[in-house]
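A closer look at the structure
Each chain, letter by letter, is given below.
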Amino acid sequence: MSGLLDDIKAMAQLREAQGGKWEAIKPEYAARMRAQNRFHTGLDIARYTAKIMRDDMAAYDADTSKYTQSLGCWHGFIGQQKLISIKKHFGTTKRSYLYLSGWMVAALRSEFGPLPDQSMHEKTSVADLIEELYTFLKQADAWELNHLFRALDEAKEAGDSAQEQELISKIDNYETHIVPIIADIDAGFGNAEATYLLAKKFIQAGACCIQLENQVSDEKQIERTQKLK
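Residues numbered from 1 in each chain as written. Predicted model: local features only at pLDDT ≥ 70, side-chain atom pairs only at ≥ 80, totals over all residues. Heavy atoms only, no water.

Attention shifts here to the sheet that holds strand β4 (residues 209-211). In space, the four strands of this open sheet follow the order β1-β2-β3-β4, with parallel pairing throughout. The sheet is open, and its two edges are formed by β1 (69-72) and β4, each paired on a single side. Geometrically, the sheet is characterised by an average inter-axis angle of 30 degrees between neighbouring strands, direction not taken into account. Of the pairings in the sheet, the one linking β1 to strand β2 (residues 96-100) comprises four bridges and is parallel in character. Looking at β2, one finds that Gly 72 is bridged to Tyr 99. (Pairing = 2+ DSSP bridges. Helix = DSSP H or I, 4+ residues; strand = E, 2+ residues; numbered from the N terminus. Axes fitted to C-alpha atoms, helices over the stretch in contact; angles between N-to-C directions.)

Quick look at the structure:
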């Protein structure tokens, strides 16, 4: 990710190229919005978090004290507050993941009401929860960066160049609340093709790791009987 000053310069050049059409746009504010909207799609998130998970796995193989912790959650707000608290307490979100359990989704997220852990909930419930969680986590980023931007404006108004440079460094090295999600797909909700399609939806929502249970799924069967005369 490029730095704030580089983004401001790039936005200024882009505005100039429009020949006066974008005069009302302030390059600095456009660059700030870009920083607050780092991830455009779920696939951007999945690629980013997959690299984190691979690096963490390699670190654990080299040193088992560097383990990860996965926190269960069933709502975007719950996941958001967990990551905000972790970052505030430890100063980082490193080696902290979110885990979406099938039984938790069945019990707390199904529109049919609380259900047992037997794949009776809607098959898209977990994919919807993944998307919801990352929406809340991106909001946490936007909120925290907005406070840094306000502090930067105050430092500029006060003429405090040292504080200004410190804040720009914090913005450039900002650590996102976006962390890997391990998503439970149960036994796949159908045959191999159905499992593939649902896994694809999980990834498009942002999941980089899917837990698949090695169980036999019920297959749809149609029985025909013929009356003999």
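Moving on, there is more to tell.
Let us look at the side chain of Asp 184. On the secondary structure map, Asp 184 appears in strand β3 (residues 181-184). Taking the relative accessible area as the measure of exposure, Asp 184 reaches 5% and is therefore buried. Aside from chain neighbours lying at most four places away, what touches Asp 184 is Tyr 99, Leu 100, Ser 101, Gly 102, Val 126, Phe 202, Gln 211 and Glu 213. (Buried < 20%, exposed > 50% of the residue type's maximum accessible area, 1.4 Å probe, protein only. Contact = heavy atoms within 4.5 Å.)

Let us now look at the nonpolar core. Across soluble globular proteins, nonpolar side chains show a tendency to be buried alongside one another. Among the nonpolar cores identified, the biggest contains 24 residues, and Leu 98, Leu 100, Ile 130, Ile 181 and Phe 202 are the most heavily contacted of them. At the level of secondary structure, the elements contributing two or more residues to this core comprise β2, α6 (125-158), β3 and α8 (192-205). Among the elements that take part in this core, α6 stands out by supplying seven residues, more than any other. Those residues in contact with Leu 98 that lie beyond four places of it in its chain are Leu 71, Cys 73, Gly 79, Leu 83, Leu 133, Leu 137, Val 179, Pro 180, Ile 181 and Ile 182. Formed by 12 residues, the second largest nonpolar core is a distinct cluster that contains Leu 4, Ile 8, Ala 155 and Leu 167. (Core = buried A, V, L, I, M, F, W, Y, C linked by side-chain atoms within 4.5 Å.)

Relative to the assigned elements, Lys 87 resides in helix α4 (residues 76-90). Its relative accessible area of 12% is what places Lys 87 among the buried residues. Apart from the residues within four sequence positions on either side, Lys 87 is in contact with Thr 92, Thr 93, Glu 144, Tyr 174, Glu 175 and His 177.

This part is about the pattern of salt bridges. Going through the model one piece at a time under the given rule, you end up with eight salt bridges. For Arg 47, the salt bridge goes to Asp 44, with nearest N and O atoms at 3.7 Å. Of the two residues, Arg 47 and Asp 44 are both situated in helix α3 (residues 42-62); the distance of three residues between them amounts to about one turn of the helix. The class of Asp 44 is partly exposed, set by a relative accessible area of 26%. Close ionic contact of Glu 144 with Lys 87 constitutes a salt bridge, the shortest N to O distance being 2.7 Å. Taken as a pair, Glu 144 in helix α6 and Lys 87 in helix α4 lie far apart in primary sequence, 57 residues in all. (Salt bridge = Lys/Arg side-chain N within 4 Å of Asp/Glu carboxyl O.)

For any two helices packed against each other, the geometry is given by the interaxial angle and the distance between the axes. Contact geometry for α6 and α8: axes closest at 8 Å, N-to-C directions at 5 degrees. As far as their axial angle goes, α8 and α6 are roughly parallel. Across the interface between the two elements, Val 126, Ala 127, Ile 130, Glu 131 and Tyr 134 from α6 touch Lys 201, Phe 202 and Ala 205 from α8. (Parallel < 35°, antiparallel > 145°, perpendicular 65-115°, else oblique.)

Our next topic: helix α7 (residues 161-172). The end-to-end C-alpha distance of α7 is 16 Å, a good match for the 16 Å that 12 residues give at a rise of 1.5 Å each. Leu 167, Ile 168 and Ile 171 are the residues of α7 that are buried. The buried residues of α7 occupy one face: seen down the axis, they fall within an arc of 105 degrees. Where α7 is buried, its residues meet α1 (4-17) and α6. (Expected span 1.5 Å × (residues − 1). Arc of directions from axis to C-beta.)

With that settled, consider unusual backbone geometry. One non-glycine residue with positive phi stands out, namely Arg 95, at about 65 degrees. Assignment of secondary structure puts Arg 95 in the loop between α4 and β2.

Time to look at a nonpolar patch on the surface. Together, Leu 14, Trp 22 and Ile 25 make up an exposed nonpolar region whose accessible area comes to about 250 Å². Checked against the element boundaries, Ile 25 lands in the loop between α1 and α2 (27-36). The class of Ile 25 is partly exposed, set by a relative accessible area of 40%. (Patch = residues over 30% accessible without salt bridge, like charges linked within 9 Å, V, L, I, M, F, W, Y side chains within 5 Å. Areas by Shrake-Rupley, 256 points an atom, 1.4 Å probe, with all protein chains shown as cover.)

Overall, the prediction assigns the protein a mean pLDDT of 89, with 92% of residues at 70 or greater. For the protein, helix α5 (residues 102-108) is the element with the lowest average pLDDT, namely 77, and α3 is the one with the highest, namely 97. (pLDDT = per-residue confidence, 0-100.)

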